[in-house]
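Per-entry structural report
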Amino acid sequence: GLTSADPFPYTPGAYFSDVNAQHMFFPYIQKLKELGITAGCSPSSYCPNSDNTRGQMAVFVIRGLF
């Protein structure tokens with residue numbers, strides 16, 4: 001298991017063209033993609049600065065629970 005001293009594991013190769021490795025949320029966005037919680041707003045974009053609809057958030061929350 002992970003402890004607070006362990007580095008957060010994520011794939012270093014960017015899944016999305018609009019979120020580079022210097023983005024403050026890059027590790028977490030990578031992990032959300034790896035776990036299948038989100039696929040982004042298109043096959044190659046995550047759209048980190050876009051507003052979300054209720055429908056998008058409902059899918060995000062449900063996938064994150066299971």
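Described below are features of the structure shown in this document. (Residues numbered from 1 in each chain as written. Predicted model: local features only at pLDDT ≥ 70, side-chain atom pairs only at ≥ 80, totals over all residues. Heavy atoms only, no water.)

Now for the overall build of the chain. In terms of helices and strands, the chain carries two helices and zero strands. Taking the principal axes of the C-alpha coordinates as reference, the chain spans close to 35 × 25 × 15 Å. The buried share among the 66 residues of the chain stands at 18%. The contacts of the chain with a sequence gap of at least 6 include a subset with a gap of at least 24, amounting to 40%. When the accessible surface of the chain is summed, it comes to about 5,000 Å², and 58% of that surface belongs to carbon and sulfur atoms. Computed over 4 positive and 4 negative side-chain charges, the inter-centroid distance for the chain is 10 Å. (Helix = DSSP H or I, 4+ residues; strand = E, 2+ residues; numbered from the N terminus. Buried < 20%, exposed > 50% of the residue type's maximum accessible area, 1.4 Å probe, protein only. Contact = heavy atoms within 4.5 Å. Areas by Shrake-Rupley, 256 points an atom, 1.4 Å probe, with all protein chains shown as cover. Lys, Arg positive; Asp, Glu negative; His and termini not counted. Charge placed at Lys NZ, Arg CZ, Asp CG, Glu CD.)

Bringing the side chain of Thr38 into the picture now. Within the secondary structure layout, Thr38 lies in the loop between helix H1 (26-34) and helix H2 (54-65). The buried category is assigned to Thr38, whose relative accessible area is 14%. Engagement of the side chain of Thr38 in a polar contact is seen with the backbone nitrogen of Gly40, the distance being 3.1 Å. With residues up to four places along the chain from it excluded, the contact list for Thr38 reads Leu32, Lys33, Tyr46, Phe60 and Arg63. (Polar contact = N/O pair within 3.5 Å; in protein donor to acceptor, adjacent residues only side chain to side chain.)

So, to be careful, I would describe these as geometric facts and stop short of saying anything about function.
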